[in-house]
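So you can see what is in the structure, the chains are spelled out below.
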2 protein chains.
Amino acid sequence: MSKLPLFSIDTAVDGLSKIKLTSPTKLPNATGFLWNRAMVMQVNCRGYVNSQFMQPEPAKYSYAPNMEAKSFIQPEHSYFSHHPGRFFYLKDEDSGEIISLPYEPMRVQLDKFSFELGNSDITWSIEHRGLKITIKVNLTEDDLVECWFFSVTNLTDTVKNISLYPYFSIGYMSWMNQSACYNEALNAIVADSVTPYQKVADYFTNKQLKDKTFFLSDTPPTAWHANQKDFEGEGGLHQPSALQAELLENVEARYETPVAVMQFQQSLMPSEQKNYQFLFGPAKDELEIAEIKEKYLGHQQRNKAEQSYRDYIAQGKACLTINSGNVSFDDFFNHWLPRQMFYHGDVNRLSTDPQTRNYIQDNMGMAFINPERTRQAYILAVSQQTINGAMPEGVLLHAQAELKYINQVPHADHGVWLPICLSVYLNETADVSLLSEMIAFADSAQKQSFTRHIELALDYLINATDHRGLSFIEQGDWCDPMNMVGYKGKGVSTWLSLATAYALTTWCDIYEEYDIGINRQKYDEYRFAAKAINNAVNEYLWHGQWFARGITDDGRVFGTDKESEGKIFINPQSWAMLSGAANDHQKIEMITAITKQLITPQGVMMLAPSYTSMVEDIGRITQKHPGVSENGSVYNHAAIFYIFALYQAGQNNLAFELLSKMLPSLENAEVTGQLPIYVPNYYRGAYHQFPKKAGRSSHLFNTGTTSWLYRCLVEELCGLKGCARGLHVAPKMPATLPYLSGQRLFRGAMVNFDIEQTSDITVMEVLLDKQVIAGNVLTDLKTGQHYQLQVRVPMTSEDNVK
Amino acid sequence: MSKLPLFSIDTAVDGLSKIKLTSPTKLPNATGFLWNRAMVMQVNCRGYVNSQFMQPEPAKYSYAPNMEAKSFIQPEHSYFSHHPGRFFYLKDEDSGEIISLPYEPMRVQLDKFSFELGNSDITWSIEHRGLKITIKVNLTEDDLVECWFFSVTNLTDTVKNISLYPYFSIGYMSWMNQSACYNEALNAIVADSVTPYQKVADYFTNKQLKDKTFFLSDTPPTAWHANQKDFEGEGGLHQPSALQAELLENVEARYETPVAVMQFQQSLMPSEQKNYQFLFGPAKDELEIAEIKEKYLGHQQRNKAEQSYRDYIAQGKACLTINSGNVSFDDFFNHWLPRQMFYHGDVNRLSTDPQTRNYIQDNMGMAFINPERTRQAYILAVSQQTINGAMPEGVLLHAQAELKYINQVPHADHGVWLPICLSVYLNETADVSLLSEMIAFADSAQKQSFTRHIELALDYLINATDHRGLSFIEQGDWCDPMNMVGYKGKGVSTWLSLATAYALTTWCDIYEEYDIGINRQKYDEYRFAAKAINNAVNEYLWHGQWFARGITDDGRVFGTDKESEGKIFINPQSWAMLSGAANDHQKIEMITAITKQLITPQGVMMLAPSYTSMVEDIGRITQKHPGVSENGSVYNHAAIFYIFALYQAGQNNLAFELLSKMLPSLENAEVTGQLPIYVPNYYRGAYHQFPKKAGRSSHLFNTGTTSWLYRCLVEELCGLKGCARGLHVAPKMPATLPYLSGQRLFRGAMVNFDIEQTSDITVMEVLLDKQVIAGNVLTDLKTGQHYQLQVRVPMTSEDNVK
């Protein structure tokens, strides 16, 4: 293999970046992902694919080789040789050599390999023994189909005879009925199944399911194979027996595991290129397949589909572009993070019952892309509130949706998110009209204003406190698996108490900032309540250098230095800074303790040391593997809360340092194992306990981190934050970043900005179109106008803690 | 590979037969199975293993590589390269050659291979390049452990240096927590996990689960590996990267898929043999593992365990031994069928909520092995009847057991089985005391006699009929997936009507035979009801040459010549013969139609033609794959009903012919794909629609067939059936079987018998100890005594149909 750099960032045809990986073995779990509102696919660099579609609940069309359990998407997904994939076997008919592309299942070393993640497509560019191969996949704007393009070029000056065999996993579809055969009219392999069920009622539900999987080709195959086991034979997937013969034997699957394999025999003149187009997806019947064929097969259709999908993904463009001089940093913030944030906001992680807290936070991010969607989401969320003020566990997105998995467990925190996240929507839009929208309840047709809905949620939270004024945790707060601290009805959560205080404070701040006409008495009551909570937390939960995590049903304070595991949790510290519970002295103590106990090269761990055995008055979190998920990983959602809090505390250097550690990059890819196209939900923690695995990415791109990370960039680092009067300018530049420029789209106006640190001044200077701005707020920005903003800030000292 | 016969039957050390298969590729799905009351393992000839244990619900300790769904045991189990298995990699340190034993995952062709299924162990005997290898596995009487023995002998006259690497799949245990490491104190690899859950209540249930998997060795390993992915590396399971180094690198799994691999470096002198012992299973904690180690590791311990397990399986010996001259036929009936029947009766298919119909029929078979167990089972079954007479969907075998899967769907047939199957128990024991046992109900503490329980069940059946007197089918009868014929409450079942008539008749016959003191008025009522049902069936359901299958909710008669699929069903014909609904003329018509439309080389199909698309007033059966399970396979449970009915109709030749076709044998193994150690639940049908796959075994050894098949052998073919006065002698010899001898254990007496067909006589002659027996009933047989029975029967004509 020629010596290419392992990674690079290139520019794609759409002007956006493309992340390239030139080895299929160095980052074996590296993936990209594509989605639309109906489906999502995660594509691994070696050719494995994880895909699902919504009908409306998540379903498969390319299955595992056995009866797989339905579950929520898991971190650290495990691949194995029969994992669903999209492979292309390629036989050199002259030499007899067979390889498989992009890499699995044969794992033959290729002359050149490149896995390229673009905004709206995923491509492999490969060279091997005089052949140049391009494999590309994209989705469509709204249909259930993977569009594959395969091109092979003869780079030599002799004729080459090849056979190409796309192998698309269909897998174990159903114990009731599964089969597959070639359909000549469609020029497709069509696999058929019946979703297993036993109860009559399910028949009527299942009747509408898309139980077929099709693999369509634009070129009639020389031969085909639809029987996985028979295709593989004694040779195995790494050397399939069926490829030994000159022609595939056109074998169907009859209550056997289906697969879609076609053979294309082809002679390639010197320099000749041959292109193939394949479509793969689920369908209800042959008619639907014919429609997909009509719509997407053909050169023009392909171009049109690619363009419309590109346009769809391009809707994810957000309100900021930066230029820090660090290509990797800028690329992530300008391109990949908004893309990931758009995925969260636009399709809600392809869930039909997103957890309320996720739904509200994910849609906070959407305020930076398309605030109208945030508005709709927040209205939908409060419409599912009950009239007693309680927010639901999850927001049901369609009529038949049901609360599943973790949404069947009662969590106490769902009320805090809306007041907290609402401020971003208002900052971006100043749309106070939302607050007077009249909305009914889940259990009452009586309409109340949005403001009243929020107040009911806050009142509910204030009431859900014990004699000390601390918030009951029930079977969990933000931390789902902390489920046994308060399941008997007594245990309280430090974090939730502080989050309640912060929600109250934020709501009062909104009142001060925007003219939303809330009741003054309520305002006073909420300020008072916030203060009381902060006092109670200080009274009962400050232990030495930091805040404990809570008090269990039996009155045990936990998350302190007295324990051997779970001594310190990050969330109570971050939120004590946000809520105002921590004074400056406490902040320094906390930051020092955190730096000592929780910081790792990949960022801040959620707790330490990770639990290694069950603690019955804390719960399920202690049973998770040490360093994984909530049990002490670098759980980025918690890490970004800390970063956000550090910014509020003026700890700009530390905030930026941790923010930089969080970002996936080409530099840390060999540690994290992932490419810098999304922030993962966690990196392995337990840094001191299990150092070997620390820093590994979960490879899970579903995370509440995105909107907060983007918020930190926009409102804190760049300091370009909306307010009632306009755009408030207050960059929080770290010592390591002397200069930052970019474009900020704000309420329709385009502000080109340059931020510069200088030792010449002691007070920030703000110039808009060369005019000095007093008070640092840009008022009267006009939609459609472009502005030049120059900001000079005093040089930041190296360390603000000491 | 030397040319051995593909199959053979040998004699094992225990005197019983051993079935040998000498190729790992000719019957790739061939399996044997071992079980005890706590676990079961199905062992594939290539090294794959499917295993589960009861805690008390079924659980795994060797998992798939992904999150597998929990399900009932499926037919036609699908294997793939990462399927759980027990493999032994073997490296020749001198030549560098690596092979895997018994065959997977490397699939290297071996010099000699033999897969040997014994009564209480499964063994491979292998030779390759001067090494002789024996691999053996057995279970224990009652513990949760697989006992493996591995022996390697140097057959050459030079020193051989080898490394042996047992590779035992542990697989994807849990998304919450999974890890594995070598435990020096135990000399074991111990994998740890937490069964995933989200609700607090489940924590307390799960607390007692055996979440660890151990792999114990008697020999300290040179090195070890516990990390599946790392072990495999880029080489893949067929050429693991970790085996390239001289020593394994002692790698643990930390939230990664565990595996148990040990390396044993060993020098073998010429002729030297080296033995290893391995234990593999689930455990709650290290203490349990230590106890298992203490109990089973070591030469003496192993011998003791093997003996006690042999003794356990030997309890499955049944009441008959035959000698027909056909070794394969005799071996199956003398050894394998009782073994399978014992599995069903002793451990109830390792289910905790066996379907009531299965439970009663499986325990009918137990009457030929250990009638006391049948007695207990029947008492348990009626104790779960409700006082309105309805029998439950399933019999709950422990306090926490719940009705699962198909047992949540209402079926109408559960009441018919007890009166039908009870007669075998009485025939074997004459124990009429059972009938006066006083037993309470599921919903009432009021005790009623066993007789009364049966009458309540019969009364319930008589009442569950429509205006025509036909039985409502609800959401299924014996045929579970015939769930939409009557789900609206109107549809009726021909089969169930006939089964009700047969149950009534059988009960009245029992009354006539045994002195059970039932009410004469009830007797008359039941005889009348049976007759009325038979008349109604004839009036509404006889269509041309055979009985239809039923009438749907909308009044449509189905299972007739008018349809294009599902024209004829076997069950209504068989049971019309049993119930007396069919007269002699009808019987001949039916048999002729069946012979034409349903007979295949593997036996009689359940229906024909198989449905190829949904019929909404029939239901789920029509959605199953054609030729599979109830949709027109040779479903042996239905086939044996037909055979039993043919015997009642005096169709001895045809009955025997079909019975012979049903039996797995060395002769049909290449068609069925299975070894003759169990009768499978089905062979693929749809013989005319999909001939290529027809005849394939489902490889599923759970089937209601066993007890009826054995009943046919004992009571019909041999005609040695118990009655009130003693043993009634009435063999039903086919023309093709001139002679049959054997031993019949009956109520403690051992009857050595010879049955001979002769053209000399026209009336059967029966001699006991050379004394002529008038009336053909052996009375006064004494427990512990041996008798010589000689039976001469008139020659059977070639064909009794015409």
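Residues numbered from 1 in each chain as written. Chains lettered and ligands numbered in written order. Predicted model: local features only at pLDDT ≥ 70, side-chain atom pairs only at ≥ 80, totals over all residues. Heavy atoms only, no water.

Some details on unusual backbone geometry
All names here are of chain B.
Phase 1 of the analysis: The peptide bond linking leucine 101 to proline 102 adopts the cis configuration, its omega dihedral lying at 0 degrees.
Phase 2 of the analysis: Here proline 102 lies in the loop between strand S8 (98-101) and strand S9 (112-117).
Phase 3 of the analysis: Looking along the chain, the bond that leaves glutamate 104 and enters proline 105 is cis, with omega of -10 degrees.
Phase 4 of the analysis: Structurally, proline 105 can be placed in the loop between S8 and S9.
Phase 5 of the analysis: You will see that glutamate 76, though not glycine, has its phi angle at about 50 degrees, which is positive.
Phase 6 of the analysis: Locating glutamate 76 in the fold gives a position in the loop between strand S6 (58-59) and strand S7 (86-92).
Phase 7 of the analysis: For arginine 107, which is not glycine, the phi dihedral falls at a positive 60 degrees. (Helix = DSSP H or I, 4+ residues; strand = E, 2+ residues; numbered from the N terminus.)

Digging into the sheet that holds strand S3 (residues 31-36) of chain B
Residue and element names in this part refer to chain B.
Phase 1 of the analysis: Spatial strand order, S3-S4-S5-S6: four strands in an open sheet with antiparallel pairing. With partners counted over all chains shown, the strands left at the sheet margins are S3 and S6, one partner each.
Phase 2 of the analysis: Sheet analysis places strand S5 (residues 49-54) next to S6, joined by two bridges and oriented antiparallel. Opposite phenylalanine 53, over in S6, you have alanine 59 as the bridge partner.
Phase 3 of the analysis: Contacts between helix H5 (residues 327-347) and the sheet are confined to S3 and strand S4 (39-44), with S3 contributing the most and set at about 40 degrees to the helix. (Pairing = 2+ DSSP bridges. Contact = heavy atoms within 4.5 Å. Axes fitted to C-alpha atoms, helices over the stretch in contact; angles between N-to-C directions.)

Considering the confidence of the model for chain A
Phase 1 of the analysis: Taken over all residues, the pLDDT of chain A has a mean of 96, while the share at 70 or more is 99%.
Phase 2 of the analysis: Both scores are given for the predicted complex: the pTM is 0.96, the ipTM 0.96. (pLDDT = per-residue confidence, 0-100.)

Quick notes on the relation of the copies chain B and chain A
Each of the two chain copies goes to the other by way of a rotation about an axis and a shift along it.
Phase 1 of the analysis: The transformation that overlays chain B on chain A combines an axial shift of 0.0 Å with a rotation of 180 degrees, and the residual RMSD is 0.0 Å. The two molecules are tied by a two-fold rotation axis, judged by turn and shift. (Least-squares fit on C-alpha atoms with pLDDT ≥ 70 in both.)

So, the domain arrangement of chain A
Phase 1 of the analysis: Under the domain assignment used here, chain A contains domain 1 (46-104 + 139-314) and domain 2 (718-794).
Phase 2 of the analysis: In this structure, domain 1 of chain A and domain 2 of chain A have C-alpha centres spaced 52 Å apart. (Domains from an automatic or database assignment.)

Some words on the environment of Ser613(A)
Residues and elements named next belong to chain A.
Phase 1 of the analysis: Structurally, serine 613 is set in the loop between strand S33 (607-608) and strand S34 (634-635).
Phase 2 of the analysis: As for serine 613 and histidine 625, which are separated by twelve residues in sequence, their C-alpha atoms are 9.0 Å apart.
Phase 3 of the analysis: Those residues in contact with serine 613, other than ones at most four positions away along the chain, are Glu565 and Thr622.

What about the pattern of salt bridges?
Phase 1 of the analysis: A complete count under the given rule lists 102 salt bridges over all chains for this structure.
Phase 2 of the analysis: With a shortest N-O distance of 2.9 Å, Asp362(A) and Arg349(A) are connected by a salt bridge. Taken together, the residues Asp362(A) in helix H6 (residues 356-366) and Arg349(A) in the loop between helix H5 (327-347) and H6 connect sequence positions 13 residues apart.
Phase 3 of the analysis: Relative accessible area serves as the criterion here: at 15%, Arg349(A) is assigned to the buried category.
Phase 4 of the analysis: The closest approach of N and O atoms between Glu715(A) and Arg711(A), which form a salt bridge, is 3.0 Å. A residue pair is termed a helical-turn pair when its members lie 3 or 4 positions apart in one helix, as Glu715(A) and Arg711(A) do in helix H17 (residues 705-717) at four residues. For the pair shown, Glu715(A) and Arg711(A) are each scored as buried.
Phase 5 of the analysis: In the salt-bridge network here, residues are joined through shared partners; they are Arg46(A), Glu104(A), Arg107(A) and Glu234(B). (Salt bridge = Lys/Arg side-chain N within 4 Å of Asp/Glu carboxyl O. Buried < 20%, exposed > 50% of the residue type's maximum accessible area, 1.4 Å probe, protein only.)

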